[in-house]
Every structure is written in C-alpha cells, then in structure tokens.
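# Descriptive analysis of the structure
Spelled out, the chains give:
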Amino acid sequence: MNKSKYRGVVVPMVTPVTQEGRLDVEAVKRIIQFFADHKVSPLLMGTTGEGNSVSQADGQLFVETAVKAANKRILIYAGLTGNCFAEQVRQAEVYTALGADVIVATLPTYYALTSEQMYDYYKTLADCITGPLMLYNILATTHMSIPVEVISRLADHPNIVGLKDSERDLERMAQCIEITKTHPDFAYFCGWAAQSAHSLELGGNGIVPSTGNYVPEMFQQLYEAAVAGDMATANRLQDETNEIAKIYQKDRTLGQSLTALKVMMQTKGLCEPWMLMPLTRLSAEEEQAIREKLGIRN
C-alpha cells in the first residue's frame with residue numbers, strides 16, 4: 001500500500017428517500033452517524049446510491065447534510081454521474097464548496113467512447129474542478145471499461161487521486177494496484193466487494209462494499225486485519241460478509257438488490273426501503289422474507 005491519504009473503507013451509501021421521492025434528511029443523518037461510529041466513510045450517489053436518479057437539488061442537500069453530520073470525523077466522497085459536461089463541472093464545484101472531500105466520477109454513458117475520449121474527459125474534468133478527482137470504473141452500468149493504460153496516464157495528473165474499480169477482473173485488479181506502486185499519491189479502491197480482502201493483500205488502499213451499509217463494522221475489521229497482515233481474519237470476515245450479501249443480492253437484479261438492502265437497513269432503524277424512479281420497492285412478501293432471513297419476525 002502506498003502513502004496516499006485516501007484509504008480504508010468507503011461505503012457506497014444508499015440514498016434514503018421518502019415515499020414521495022424526496023431526500024430523507026433525518027435518515028441521512030442517522031446513517032452518517034452510524035458510519036462515523038464505525039470509522040468508515042460514505043460515497044454519496046454512487047451506483048448503490050441511485051446516483052443517476054438523484055435530482056441536482058437533492059444531490060446538493062445530500063452532500064450538505066452529510067458533511068454537517070460527519071463533522072470532519074470521516075471523509076465525504078461525492079459521486080458524479082451524467083452526460084452533460086458543463087453540468088457535471090458545476091455540480092462538482094457545488095459539492096466541493098459544500099465540503100465534499102473527493103469527487104468520484106463515472107464515464108458519461110450515452111455514447112461509446114474511445115480510449116482517447118475517456119482520457120480527455122477525465123483530464124479535462126480534473127483541470128476544470130478545484131476538488132480532488134477519483135476515477136470510477138464500473139463496466140456493469142456504463143458498459144465501458146477504462147483501459148489500464150488510460151488509468152496509468154491519468155495517474156500522472158496532480159488532481160486525480162485514485163481509482164474506484166468495480167470491474168470483476170482479477171488480472172486487471174493486479175495491474176491497477178501496480179500503478180499505485182509507482183504513483184504514491186494515487187489510490188486504488190476495490191469496488192468488487194467479494195474480493196475486498198484479496199485486493200488489500202495485493203496492496204490496494206481501500207474497499208468500497210455495498211454490504212457495508214448494513215455491517216460497516218465487519219468491513220472495518222476486515223480492513224484493519226488485512227493491513228496488519230492477519231489474512232486469516234480478513235478472509236474469515238470476507239466469507240461472512242459474502243454470505244450476508246447473498247441475502248439481498250441473490251436472484252435479484254441490481255436495482256432489486258438495492259431496495260432489498262434498504263429493507264435490511266430498515267431493521268436497524270436507519271432508513272425506509274423507498275426507491276427513486278425507475279426503481280421500486282419489493283412486494284410486502286419479499287420484504288418479509290428478507291426480515292425472516294435476518295431472524296426477524298413481525
């Protein structure tokens with residue numbers, strides 16, 4: 001692991017909303033407190049946080065609320081999605097002004113991009129914003145993969161501080177972590193939760209597990225064990241968290257898994273399982289089945 005200040009557990013936080021589709025501000029405060037208690041940071045409006053579905057106004061309210069609730073105890077990573085470059089720059093600047101510590105941007109997704117267009121997009125974005133920028137590679141939703149060679153070139157940019165990579169490719173993971181060994185200020189965050197322990201063993205800086213919304217303490221323990229070289233403990237926690245993930249992910253689409261995750265969080269009093277369009281809640285029967293898998297009967 002290099003000396004980057006960006007490290008540890010960053011949970012891709014769900015976006016709690018009301019039945020009417022508005023940001024649930026009180027739930028945001030509860031979840032941020034929950035995360036701070038366990039020393040993990042949030043990534044707001046990533047894939048788990050329905051980032052593409054959050055309005056600009058609610059996005060700004062979300063960042064503002066999270067920053068105040070965190071009170072500098074944990075870093076705030078703010079997700080940036082969309083296809084209009086000018087609007088992305090504006091939103092990034094607003095998030096930074098509100099106190100977000102890092103901007104985490106996916107590729108624009110309407111057009112298939114060449115490698116050079118991907119490079120130009122991120123370089124220009126990094127040139128135009130004042131806050132630090134982290135690349136976010138997620139093939140499953142953007143349907144594009146940022147080439148390792150492009151990431152290596154972008155790692156030279158003084159305002160690009162790292163990569164969050166959710167692609168399920170072990171060889172690629174190893175290659176990206178190699179980049180961090182020659183770029184001391186460039187961090188690698190593994191967004192493939194089932195490989196969290198392995199990525200840290202290879203020298204990754206951090207992990208971004210959606211299951212951390214429910215059990216942040218387990219991932220913090222996993223991270224601390226891996227950094228200390230106790231891979232037996234880290235791998236045990238990996239297996240245990242993989243089983244928890246199955247409760248909301250198995251046999252569901254990505255969108256369905258996100259509302260199932262909110263059902264699990266509801267059992268801890270953190271938020272309600274409402275979703276932003278086009279996603280919807282599960283049936284009452286499905287929600288009850290999840291609670292029963294958690295040993296909760298009501």
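Before reading on, note that the structure itself is shown above.
Residues numbered from 1 in each chain as written. Predicted model: local features only at pLDDT ≥ 70, side-chain atom pairs only at ≥ 80, totals over all residues. Heavy atoms only, no water.

All right, on to the packing of aromatic side chains then. Within the structure shown, the criterion is met by six aromatic pairs. A ring pair is formed by F34 and F35, whose centres lie 6.3 Å apart and whose planes are at 35°; its orientation type is tilted. In this structure F35 comes out as buried when scored by relative accessible area, which is 0%. With a centroid separation of 6.1 Å and 65° between ring planes, the pair formed by Y77 and F189 is classed as edge-to-face. In this pair, Y77 is assigned in strand β3 (residues 77–80) and F189 in strand β7 (residues 187–190), connecting sequence segments 112 residues apart. (Phe/Tyr/Trp six-rings, centres within 6.5 Å; stacked < 30°, edge-to-face > 60°. Buried < 20%, exposed > 50% of the residue type's maximum accessible area, 1.4 Å probe, protein only. Helix = DSSP H or I, 4+ residues; strand = E, 2+ residues; numbered from the N terminus.)

Our focus in this paragraph is the pattern of salt bridges. Throughout the structure, instances matching the rule amount to 14 salt bridges. Linking E178 and K181 is a salt bridge whose minimum nitrogen-to-oxygen distance equals 2.9 Å. Of the two residues, E178 and K181 both sit in helix α7 (residues 170–182), three residues apart, roughly one turn of that helix. By relative accessible area, which is 52% here, K181 ends up exposed. Connected via shared salt-bridge partners are E116, E149 and R153. (Salt bridge = Lys/Arg side-chain N within 4 Å of Asp/Glu carboxyl O.)

Further remarks concern the pairing of strand β5 (residues 133–137). The element β5 is extensively covered by neighbouring structure, given that five of its five residues are classed as buried. Pairing analysis gives three bridges linking strand β4 (residues 102–105) to β5, with the strands arranged parallel. Paired with I103 across the two strands is L133, which belongs to β5. As paired strands, β5 and strand β6 (residues 160–165) are joined by five bridges and run parallel to one another. In the sheet register, N137 faces β6, and the bridge partner there is D165. (Pairing = 2+ DSSP bridges.)

Our next topic: the sheet that holds β4. The parallel closed barrel is built from eight strands, whose spatial order is β1-β2-β3-β4-β5-β6-β7-β8. Sheet analysis places β6 next to β7, joined by four bridges and oriented parallel. Among the inter-strand pairings, L163 is bridged to a residue of β7, identified as Y188. Contacts from α7 reach β5, β6 and β7, with the element oriented near 155° to β7. (Contact = heavy atoms within 4.5 Å. Axes fitted to C-alpha atoms, helices over the stretch in contact; angles between N-to-C directions.)

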